[in-house]
Amino acid sequence: ELQQSGAVGAGGVRQDPYSGLEAEAPVLALLAEGQRVSAAGPGDVVQVILPETPFYVESGGQVADMGTIVSVREPRWEIAVEDVRRPVGGLVVHLGRVLEGNPRQGDAALAAVDAGRRWDIMRNHTATHLLHAALRRVLGDHARQAGSLVAPDRLRFDFTHAQAVTAAQLTQVESIVNDAILDNYRLEIVERAREQAIAEGAMALFGETYGERVRTITIGGGDRRVSYELCGGTHVPETGVIGLFLITGEGSVAAGIRRIEAVTGRGALQRVRDRL
């Protein structure tokens, strides 16, 4: 309906979680209990559709953003966004609860991502790339990513390896990641042809489907290149922003698959405070 009316283009809702954390746009549609409604009130659980959004939809192990959608003009209303989903291609839906006022279809609105939470997620996501590179350096090239979770409070990284990682190896991995953080490498984020990126040595996830154009994340340059991966997630501009990286656990999740859990930034600081 939105495409037929011209409210969105053929590609659907424009999603750009990379350029900024805010976007001003009209409310194209409101849904409550699965039905389209013209307005909602305080306490209502709603789904909001905008023509464009800065919110990240869960993908590649990275969790969805949270934040707010508020009215630009009076009367004031506010919706707390608790999740963002893509039920069908081209449609991005913000799930939330009305905190105050009466949002209406057609109202001018400002969508704003929770910046602190997003930065925590970006710290953890960039750290997973550094962890992947460190594991391959310590354990060998057979150690490849087999799954991940990138959340604001922690990261979880699954990788192929036949036996338990020793305490000495974990310490070495942790040191390599922290050295890369302290070296404060800038990230180069560039869209390339998929075949070019693979030929240049970019790491791709086994079983993942990629288009003809891919987003590449390079940490370090030239002879000091630390990591080069295909990735659609959000990342910090330089590694120093990550702060401290601490491994909190290592174990087996399946035959030949190990899992490392870790914290960075504010989560790592809190872990240090708790231990001290």
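Quick summary incoming for the structure in this document. The structure presented is a predicted model; accordingly, all values stated were derived computationally and were not measured. Within every chain, residues take consecutive numbers counted from 1 along the sequence as written. Where totals are concerned, whole chains, interfaces and linings use all residues; where local detail is concerned, this predicted model gives features only for residues with pLDDT of at least 70, and gives and counts side-chain atom pairs only at 80 or more. The side-chain values count all of the structure's non-hydrogen atoms but skip hydrogen atoms and water molecules.

1. Notes on the layout of surface pockets
Basically, it comes down to this: Whether a set of points on the 1 Å grid over the protein atoms alone is a cavity depends on a 1.4 Å probe fitting there but being unable to get out, while an open set qualifies as a pocket with protein on both sides within 12 Å along at least five of seven lines; lining residues are those with an atom within 4 Å of a point. Grid points are joined across faces, edges and corners, and a volume is the space filled by probe spheres set on the points. Put simply, Ala, Val, Leu, Ile, Met, Phe, Trp, Tyr, Cys and Pro go in the nonpolar bin, Asp, Glu, Lys and Arg in the charged bin, and everything else, Gly too, in the polar bin.
By volume, the second largest pocket is sized at about 280 Å³. Lining the second largest pocket we find 16 residues, and of these Glu1, Leu2, Gln3, Ile49 and Leu91 sit closest to its centre. Of the residues in the lining of the second largest pocket, the class split is nine nonpolar, five polar and two charged.

2. Things to note about the side chain of Asn178
This is how the line gets drawn: Numbering of helices and strands runs from the N terminus, with a helix taken as a DSSP run of H or I at least four residues long and a strand as a DSSP run of E at least two residues long. Each residue gets one of three labels from its accessible area relative to the maximum for its type: buried under 20%, exposed over 50%, partly exposed in between, using a 1.4 Å probe on protein chains only. Here, two residues are considered to be in contact whenever any of their heavy atoms come within 4.5 Å of each other.
Residue placement: Asn178 occurs in helix α3 (residues 167–182). Taking relative accessible area as the criterion, Asn178 reaches 15% and is therefore assigned buried. Excluding anything up to four places from it in sequence, Asn178 contacts Gly243, Leu244 and Phe245.

3. Let's talk about the nonpolar core
This is how it is decided: By nonpolar core is meant a set of buried Ala, Val, Leu, Ile, Met, Phe, Trp, Tyr and Cys residues that side-chain atoms within 4.5 Å join together.
In terms of nonpolar packing, the biggest core is built from 30 residues, with Leu131, Leu135, Phe159 and Phe245 touching the most fellow members. Breaking this core down by element, the ones donating at least two residues are α2 (115–139), β12 (155–160), α3, β14 (213–219), β16 (245–254) and β17 (257–264). Among the elements that make up this core, the one with the highest residue count is α2 (eight residues). Of all hydrophobic cores here, the second largest spans 29 residues; its members include Val27, Ala64, Ile79 and Val84.

4. Structural notes on the pattern of salt bridges
What counts, and what does not: For this analysis, a salt bridge means a side-chain nitrogen from Lys or Arg found within 4 Å of a carboxyl oxygen belonging to Asp or Glu.
Tallied over the full model, the rule gives 20 salt bridges. The closest approach of N and O atoms between Arg36 and Glu1, which form a salt bridge, is 2.7 Å. Highlighted residues: Arg36 in strand β4 (residues 35–37) and Glu1 in the segment before α1 (2–5), separated in sequence by 35 residues. Judged by its relative accessible area of 68%, Glu1 falls in the exposed class. Ionic pairing is found between Asp183 and Arg224, a salt bridge with its closest N-O pair at 3.7 Å. Of this pair, Asp183 sits in the loop between α3 and β13 (187–193) while Arg224 sits in the loop between β14 and β15 (227–230); the two residues are 41 residues apart in sequence, bridging distant segments of the chain. A single network of salt bridges, built from pairs that share partners, joins Arg14, Asp16 and Glu52.

5. Thoughts on the sheet that holds strand β5 (residues 45–49)
Under the convention used in this document: Paired strands are those between which DSSP finds at least two bridges. The axes are straight lines fitted to the C-alpha atoms, using for helices just the contacting stretch, and the angles between their N-to-C directions are given from 0 to 180°.
With antiparallel pairing, the eight strands of this open sheet are ordered in space as β2-β10-β7-β8-β9-β5-β3-β4. The open sheet has two edge strands, β2 (22–26) and β4, and neither has a second partner. Strand-to-strand twist in this sheet, taken as the mean axis angle between neighbours without regard to direction, amounts to 35 degrees. Where strand β3 (residues 29–32) meets β5, three bridges bridge the pair, whose relative direction is antiparallel. The residue of β5 that forms the bridge with Ala29 is Ile49.

6. Topic: unusual backbone geometry
A cis amide bond, omega -5 degrees, links Glu74 with the succeeding residue Pro75. Here Pro75 lies in the loop between β7 (67–71) and β8 (78–88).

7. Here's the deal with α2
Quick note on the threshold: Any helix carries an expected span of 1.5 Å times its number of residues minus one.
With 25 residues, α2 extends 36 Å between its outermost C-alpha atoms, agreeing within 8% with the 36 Å of an ideal straight helix rising 1.5 Å per residue. Buried residues dominate α2, accounting for 20 of its 25 residues. Once α2 ends, the next one or two residues include Gly140, with phi positive near 120 degrees.

8. Digging into the sheet that holds β17
Read from one edge of the open sheet, four strands run β11-β12-β17-β16, paired in antiparallel fashion. Whereas interior strands pair on both sides, the edge strands pair on one side only; in this sheet they are β11 (145–150) and β16. In this sheet, neighbouring strand axes are inclined to one another by 15 degrees on average, regardless of whether the strands run parallel or antiparallel. One ladder, built from six bridges, connects β12 with β17; its direction is antiparallel. In the strand pairing of β17, Phe157 is matched with Ile260. Packed onto the sheet, α3 meets β16 and β17 and runs at close to 135 degrees relative to β16. The strands that helix α5 (residues 265–275) touches are β16 and β17; relative to β17, the one it contacts most, it runs at about 85 degrees.

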